[in-house]
There are 2 protein chains.
Amino acid sequence: MIKREDFERIKKISAKMIREAQILITDQEADAIDVADFGLNDIEKEGVQILTHFSTKRISAKVLVLLPNQTEPEHWHPPVDDDAGKEEIIRAIAGNLRFYIPGTPNMKEGFIPEGKEDYYTMRHERILKPGDQLHLPPGTKHWFQAGPEGAVLYSFSTCVRDGFDRFTDPNVVRATIIED
Amino acid sequence: MIKREDFERIKKISAKMIREAQILITDQEADAIDVADFGLNDIEKEGVQILTHFSTKRISAKVLVLLPNQTEPEHWHPPVDDDAGKEEIIRAIAGNLRFYIPGTPNMKEGFIPEGKEDYYTMRHERILKPGDQLHLPPGTKHWFQAGPEGAVLYSFSTCVRDGFDRFTDPNVVRATIIED
């Protein structure tokens, strides 16, 4: 749950961050930015902001924004019907971006949100600088986090079916409820 | 066929145009820009410059550059094996961009390259301004052209198999030969 005023405030901040990252977006796209708190009710700690360029049955391009020190909860994209699951390519554009994926634990710059140790199980850290890309094959468990400057990144992918995403934290609810 | 010096010169101009369009690219990506003359041996008239962010079996993202008044020859993406054919979304970023697709002839701003009337059969014009997007379902015949400022655009798509593209002009050879 997120208050309408916080939703609108964070939407505006996100559009500003995207434009400061020199990504061209239309006013219509800026106005349609989604602020997702994953039902965890603490948007500035756990959440993400999403601007969708387009989304078809086969491909999608989005711009994601993380506020300073904001964390997107650990999740993965399972197979759905005859789809092997979402394949995703991350392209970092601005700020500090930390990705956590399967591999030898080497966490150094990031942190696990307080009290959430059980819900962030991937501890292999990849620091993505502007221009760096990361390929996430279907089913790859991952979570990501911004440093103190926040981060702006692209997510290019096959078909997006957010409702089918799986999260390690059982408290996650994908749809954000806005409280007026 | 294109002379090595022209290839290198146009590569540099293209990287400069992409950066002036405020798209973040790495030096490695800039150095790998492809200059495609489609075997027509007149790159500044018919051709395109391609910077590939990534290309997997399912998705691809490229930045395309057109020099002033340069035209990409008419083509379409046919089905290949169990793939319905490349689905593509164009996103205009900078300059003047004219797309020609199936529909009622309404050509106004663009022109057919001299003597090539038979090879440019789509005459429905769509002018794309920065931030505009155009969805090209598989099999859609299309060609595109820049105005006097040139153009920079994204091409987001499903699997790229350039070797399978079909062109209206029978003289097209997809692989560019560089002459040292």
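It should be emphasised that the depicted structure is a prediction, and the values quoted were computed from it without experimental measurement.

Taken as a whole, the largest pocket encloses approximately 450 Å³ of empty space. For the largest pocket, the lining is made up of 16 residues, of which K57 and R58 of chain A together with R58, D83 and T158 of chain B are closest to its centre. For the lining of the largest pocket, the class distribution of residues is four nonpolar, two polar and 10 charged. Reported here for the second largest pocket is a volume of approximately 220 Å³.

The subject of this paragraph is the confidence of the model for chain A. Predicted coordinates in areas of low pLDDT are best not read in detail. Of the residues in chain A, 100% reach a pLDDT of 70 or more, and the chain-wide mean stands at 96. Taken together, the chains of this predicted complex give a pTM of 0.96 and an interface ipTM of 0.94.

Here the focus is the interface of chain B and chain A. Across the boundary between the two partners, chain B contributes 27 residues, which contact 27 residues of chain A. Surface buried jointly by chain B and chain A totals about 2200 Å² across both partners, of which 59% is contributed by carbon and sulfur atoms. Considering only the surface of chain B that becomes buried against chain A, L24, R58 and I59 of chain B emerge as the three largest contributors, covering 28% of it. Across the chain B-chain A interface, the total number found is six salt bridges. We note a salt bridge from E87 of chain B to R58 of chain A, for which the minimum N-O separation is 3.8 Å. For the pair chain B and chain A, the number of links is 14 residue pairs in polar contact (both at pLDDT 80 or more). Residue assignment for the side of chain B that touches chain A shows that the elements contributing at least two residues are β3 (48-55), β6 (88-101), β8 (133-136) and β9 (142-158) of chain B.

Before going further, it helps to examine the packing of aromatic side chains. Applying the stated criterion to the full structure yields 14 aromatic pairs over all chains. Seen from their ring centres, F38 of chain A and F167 of chain A are 5.4 Å apart, and the 55° between their planes marks the pair as tilted. In this pair, F38 of chain A sits in the loop between β2 (34-36) and β3 (48-55) while F167 of chain A sits in strand β10 (residues 166-167), placing the two residues 129 residues apart along the sequence. F167 of chain A carries the same exposure label as F38 of chain A, and that label is buried. Ring centres 4.0 Å apart and planes at 20° place the aromatic pair Y100 of chain B and W143 of chain B in the stacked group. You can see Y100 of chain B sitting in strand β6 and its partner W143 of chain B sitting in strand β9, a full 43 residues away along the chain. With respect to burial, Y100 of chain B and W143 of chain B carry one shared label: buried. These aromatic residues form a ring-pair network of at least three members: F54, Y154 and F156 of chain A together with F54, Y154 and F156 of chain B. Residue placement shows K141 of chain A over the ring face of W76 of chain A; its charged tip is 4.8 Å from the ring centre.

Thresholds, definitions, all that
- Residues numbered from 1 in each chain as written.
- Chains lettered and ligands numbered in written order.
- Predicted model: local features only at pLDDT ≥ 70, side-chain atom pairs only at ≥ 80, totals over all residues.
- Heavy atoms only, no water.
- 1 Å grid on protein atoms, 1.4 Å probe; cavity = no way out; pocket = protein on both sides within 12 Å on 5 of 7 lines; lining within 4 Å.
- Points joined across faces, edges and corners; volume = space filled by probe spheres on them.
- Nonpolar A, V, L, I, M, F, W, Y, C, P; charged D, E, K, R; others polar.
- pLDDT = per-residue confidence, 0-100.
- Contact = heavy atoms within 4.5 Å.
- Buried area = accessible area lost by both parts, 1.4 Å probe.
- Salt bridge = Lys/Arg side-chain N within 4 Å of Asp/Glu carboxyl O.
- Polar contact = N/O pair within 3.5 Å; in protein donor to acceptor, adjacent residues only side chain to side chain.
- Helix = DSSP H or I, 4+ residues; strand = E, 2+ residues; numbered from the N terminus.
- Phe/Tyr/Trp six-rings, centres within 6.5 Å; stacked < 30°, edge-to-face > 60°.
- Buried < 20%, exposed > 50% of the residue type's maximum accessible area, 1.4 Å probe, protein only.
- Lys NZ or Arg CZ within 6 Å of the ring centre and 35° of its normal.

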